Each structure stands twice: as structure tokens, then as C-alpha cells.
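Read off the chains here:
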Amino acid sequence: MQVAGIRRAGAPVEVIETREPRPLARDEVLLEVMAAGVGNWDEFVRVGGWDVGAAPPTALGVEAAGTVTAAGGAVSDWAPGDAVLTHPLPLRDQGTWAPTLIAPAALLARKPRDVSWEAAAAFPVPALTAEQVLSDTLRVRAGEHLLVHGAGGVTGGLLVALAALRGAQVIATAGPSSRQRVSALGARHVIDYHDQDWPEHVRAVTDGHGAAAAASAAPGGAASAIRAVADGGRLATITSDPPAEQRGITVSSVYVRPDGRQLRDLATPFGDGRLEIPVGASYRLADAARALAQATAGHAGGAVVLTL
Ligand SMILES: NC(=O)c1ccc[n+]([C@@H]2O[C@H](COP(=O)([O-])OP(=O)(O)OC[C@H]3O[C@@H](n4cnc5c(N)ncnc54)[C@H](OP(=O)(O)O)[C@@H]3O)[C@@H](O)[C@H]2O)c1
């Protein structure tokens, strides 16, 4: 079948001919992929910096939305025709930038009816990341001040929305063009990160203490974010830039983990509009290299997706 992927580690993304999907194992489903997410994390996969379980030549892509077309003998929860989304790691066969995908049934969530294929495809990685930062790492509690640095991005926006749903008092950083959207997602204060003194502004709106917890989704931004955290607080970064611990602040570097139960829980607020994914750009499979370049540049104004 024709997929968008790489012939070898580090090779450019192109449309390549790869093997047809193999017979299903008992716990697997076959999906007809309708759309697949593209993130700058796919660039790490391309150059060999993130092992997602598939060796080249292979399709890239670690998230997708599609329709179940076949199910293995031990699969009871899913049947042909079901519309689903998934972050199916480690990959069982190839990545998601392909017409078909073999995925473990345990890692599927039902696609909400009113959500587009594109938005559904771009949801799993940022949503799981945001949930894991807030629930598993920071354990954010209702009422406490949470800083989200880099709230103008897709993952940053989900961090704001999920934290607000948990009752946290969210303080966000965003540029002027994202300010209104971040505010609508539930941030009480939105501070422009272009002002170098922005951590001082966070302190000013927290009675001088700083935020109890902070999530940094701005590349290279964690060293600034820690300046806005209260003594003894918590900082989680998702951009591999953890600063040294200081003032009793716990610092964590978080990497997304596949989790079917969490994805199914997240699909509920996604379906009723409490969570959303802005789609910034949509490409055909043949233009996957351009899609990846745009996702890596980070100026799409929303998620980048491939439609099949
Ligand atoms: N560790 C993991 O498992 C994991 C998972 C998901 C994402 N990530 C990483 O997290 C980062 C953010 O992801 P995303 O999905 O939110 O990306 P995105 O949608 O591409 O974010 C782009 C936005 O980030 C904001 N931004 C850029 N530079 C900034 C800075 N210096 N300070 C504050 N905001 C800045 C800008 O928003 P404005 O409009 O406000 O300027 C920009 O529009 C990426 O580097 C991604 O690779 C990691």
C-alpha cells in the first residue's frame, strides 16, 4: 500500500510503497484511516530520536481517527463500522500516515459523533499529554494557581481547558493573537510571554507567592516558568528542558504515554465541546513532508492533519 513515511532513519518523508497489513492478532483491530495527526514529535521519530516500535521502511504517524473494518478473535468491545481514535504505541505494524492501521483494541476510544475526523485525529497525543501532566504528574487540585506556559499551542490550550475543568485557577502565557482563545478556554489571567518579565507578572497576580504548580509547553521555556513557581511547588515540562531543582520545587519532564482508558475518558468532554482541537492545516497524504515541516515550524495556528 502507499503510505507517507521514510525509507530509512533520517530520510526525507515521501510517499512509499510498503507491505499490505498482515493478518490481525487476537487483540487487534484493522482501521481504515480517515485522518492522522502530524506533530513536531513525528520529526523526532523521523530522525531516530523517538522509538515508536516500527523500523523503516515504514509509515510515520502516531495518532489517527478512522473506522474499524475488522477485529481479532478476542476483541469484544469494537466491531466493523465503529468510528474511533487512537494513539497506538508501540506501533504493531506501521505508523498512522497510511490508508490502513493495525492497532491494539485496548488503545481505542470512540470518536464523538459531532467531532470532525481531522480534529479527532489530532486529539490523542496532546490530550493524553495534558491529562498526564495534570493528573499523574502535577496532581492539580481545585482552587490552586496553575501556570500554563505556552498556552497558545494545541497542547497548551488543552492544558488550560482541562485544568479549568478541574477547578484550578489558571494563569496562562500566550501571544497577542492567542490571548482571546486562551481566555475563553478558562484562563483567569493571560500574560504575554514576549514581555521578558512575565514571571514577575505571575507573582503579582498570586499575591507575590508564585503559582503552586506550572506546566510548560513552550520549547525552551521551563527555565523561565520556574521563576513563576512558588517555593516548594511543582513544575512539569513537556519540551525536554527541565531546569535544575531550586527552592524546593519538584521538576518533572513528561513524555506522553498511550492509555486507552484515559483516552476514552477524555473523549467525553471532547464530544460535548468542553475540550476542542483547532485544526490549523489539512493536507493530503502526498503532501506529508510539507505537513511535517509546518508542524515543526509551529505556526499553523492549530493542529496539522493529513486526510486520507
Ligand atoms: N513530551 C510530550 O510527550 C509532548 C506531547 C505533546 C507536545 N509536546 C511538545 O510541546 C510543545 C507544544 O506543543 P503544542 O502541541 O502546544 O505545539 P503548537 O500547537 O505547535 O504550539 C505553537 C504555539 O506555541 C506558542 N509558543 C511558541 N513559542 C513560545 C514561547 N517561547 N513561549 C510561549 N509560547 C510559545 C505560540 O503561541 P502564541 O500564539 O501564543 O504565540 C505558538 O503558536 C511542542 O514542542 C511539542 O513537541 C510534547
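Residues numbered from 1 in each chain as written. Predicted model: local features only at pLDDT ≥ 70, side-chain atom pairs only at ≥ 80, totals over all residues. Heavy atoms only, no water.

### Remarks on the packing of helix 3 (residues 124-137) against helix 8 (residues 260-271)
Moving on, step 1. At a closest axis distance of 10 Å, the pairing of helix 3 and helix 8 adopts a crossing angle of 100 degrees. Relative to helix 8, helix 3 is oriented roughly perpendicular. Taking contact as the criterion, the partners of Pro-124, Ala-127, Leu-128, Glu-131, Gln-132 and Asp-136 in helix 3 are, on helix 8, Gln-262, Leu-263 and Leu-266.
Moving on, step 2. In the contact of helix 3 with helix 8, the residues fall into 5 nonpolar, 2 polar and 2 charged. (Axes fitted to C-alpha atoms, helices over the stretch in contact; angles between N-to-C directions. Helix = DSSP H or I, 4+ residues; strand = E, 2+ residues; numbered from the N terminus. Parallel < 35°, antiparallel > 145°, perpendicular 65-115°, else oblique. Contact = heavy atoms within 4.5 Å. Nonpolar A, V, L, I, M, F, W, Y, C, P; charged D, E, K, R; others polar.)

### Focus on the site of the ligand
Moving on, step 1. In the vicinity of the ligand, 24 residues are found, and the nearest of them are Asn-40, Thr-155, Gly-175, Ser-178 and Tyr-193.
Moving on, step 2. Between the ligand and the protein, one listed contact pairs an oxygen atom with a backbone N or O atom of Gly-156 at 3.5 Å.
Moving on, step 3. At 2.7 Å from an oxygen atom of the ligand is found a main-chain nitrogen or oxygen belonging to Val-256.
Moving on, step 4. When isolated, the ligand has an accessible area of 940 Å², and the protein chains bury 79% of it.
Moving on, step 5. Here the element with the most residues in the shell around the ligand is helix 4 (residues 154-165); it accounts for 3 residues.
Moving on, step 6. The residue makeup of the shell around the ligand, split by class, is 11 nonpolar, 13 polar and no charged. (Near = heavy atom within 4 Å. Polar contact = N/O pair within 3.5 Å; in protein donor to acceptor, adjacent residues only side chain to side chain. Areas by Shrake-Rupley, 256 points an atom, 1.4 Å probe, with all protein chains shown as cover.)

### Some details on the sheet that holds strand 14 (residues 250-253)
Moving on, step 1. The 6 strands are arranged 11-10-9-12-13-14 in an open sheet whose pairing can be described as parallel. In this open sheet, the two edge strands, each paired with only one partner strand, are strand 11 (189-191) and strand 14. Across the sheet, the axes of successive neighbouring strands diverge by a mean angle of 15 degrees, strand direction being ignored.
Moving on, step 2. Across 4 bridges, strand 9 (residues 145-149) lies against strand 12 (residues 211-216) in parallel orientation. By the bridge assignment for strand 12, Val-148 is matched with Ala-215. (Pairing = 2+ DSSP bridges.)

### Overview of empty space enclosed by the protein
Moving on, step 1. All chains considered together, the criterion is met by 1 cavity of 30 Å³ or more.
Moving on, step 2. In this structure, the largest cavity encloses a volume near 40 Å³.
Moving on, step 3. As for the largest cavity, its lining consists of Met-1, Pro-21, Leu-30, Asp-93, Gln-94, Gly-95, Ala-98, Thr-100, Leu-101 and Ile-102.
Moving on, step 4. With 3 residues, strand 7 (residues 100-104) is the largest single contributor of residues to the lining of the largest cavity. (1 Å grid on protein atoms, 1.4 Å probe; cavity = no way out; pocket = protein on both sides within 12 Å on 5 of 7 lines; lining within 4 Å. Points joined across faces, edges and corners; volume = space filled by probe spheres on them.)

### Description of the layout of surface pockets
Moving on, step 1. Empty space within the largest pocket amounts to approximately 1400 Å³.
Moving on, step 2. Taken together, 47 residues line the largest pocket, and the ones lying closest to its centre are Asn-40, Trp-41, Thr-155, Ala-217 and Pro-219.
Moving on, step 3. Those elements that place two or more of their residues in the lining of the largest pocket are strand 3 (28-38), helix 1 (41-46), helix 3, helix 4, helix 9 (288-297) and strand 16 (303-307).
Moving on, step 4. Looking at the lining of the largest pocket element by element, the count peaks at 4 residues for helix 9.
Moving on, step 5. Here the lining of the largest pocket is composed, by residue class, of 23 nonpolar, 22 polar and 2 charged.

### What to know about the nonpolar core
Moving on, step 1. Core analysis: the largest hydrophobic core is formed by 87 residues, its most contacted members being Val-29, Trp-97, Phe-123, Val-133, Leu-146, Val-160 and Ile-277.
Moving on, step 2. Look past the residues within four positions of Ile-277 in its chain and what remains in contact with it is Ala-119, Ala-122, Phe-123, Pro-126, Val-154, Leu-158, Phe-270 and Ala-303.
Moving on, step 3. Among the nonpolar cores identified, the runner-up in size contains 15 residues, and Ile-171, Trp-198, Ala-222 and Leu-235 belong to it. (Core = buried A, V, L, I, M, F, W, Y, C linked by side-chain atoms within 4.5 Å. Buried < 20%, exposed > 50% of the residue type's maximum accessible area, 1.4 Å probe, protein only.)

### Thoughts on the sheet that holds strand 1 (residues 2-6)
Moving on, step 1. Ordered by their spatial adjacency, 3 strands build an open sheet running 2-1-4, and the pairing between neighbours is antiparallel. The two strands at the open ends of the sheet, each matched to only one other strand, are strand 2 (14-17) and strand 4 (58-59).
Moving on, step 2. With 2 bridges connecting them, strand 1 and strand 4 associate as antiparallel partners. Paired with Ile-6 across the bridge in strand 4 is Thr-58.

### Topic: the pairing of strand 7
Moving on, step 1. Within strand 7, 4 of the 5 residues are buried, which leaves it mostly tucked inside the rest of the structure.
Moving on, step 2. Sheet topology places strand 3 next to strand 7; 5 bridges connect them, and they run antiparallel. Each residue of the ladder has a partner; that of Glu-28, found in strand 7, is Pro-104.

### Remarks on the environment of Asp-195
Moving on, step 1. Relative to the elements of secondary structure, Asp-195 occurs in the loop between strand 11 and helix 6 (198-204).
Moving on, step 2. Expressed as a C-alpha distance, the spacing of Asp-195 and Ile-102, which sit 93 residues apart in the sequence, is 47 Å.

### Observations regarding the pattern of salt bridges
Moving on, step 1. As enumerated under the stated definition, the model contains 18 salt bridges in all.
Moving on, step 2. Close ionic contact of Arg-19 with Asp-93 constitutes a salt bridge, the shortest N to O distance being 3.4 Å. Of the two residues, Arg-19 is situated in the loop between strand 2 and strand 3 and Asp-93 in the loop between strand 6 (83-86) and strand 7; the sequence distance between them amounts to 74 residues.
Moving on, step 3. For Arg-19, a relative accessible area of 43% puts it in the partly exposed group.
Moving on, step 4. You can call Asp-93 buried: its relative accessible area is 11%.
Moving on, step 5. With its nearest N and O atoms 3.0 Å apart, the salt bridge here joins Arg-92 to Asp-27. Placement of Arg-92 in the loop between strand 6 and strand 7 and of Asp-27 in the loop between strand 2 and strand 3 is noted, with a sequence separation of 65 residues between them.
Moving on, step 6. Linked by salt bridges that have partners in common, Arg-22, Asp-27, Glu-28 and Arg-92 make up one network. (Salt bridge = Lys/Arg side-chain N within 4 Å of Asp/Glu carboxyl O.)

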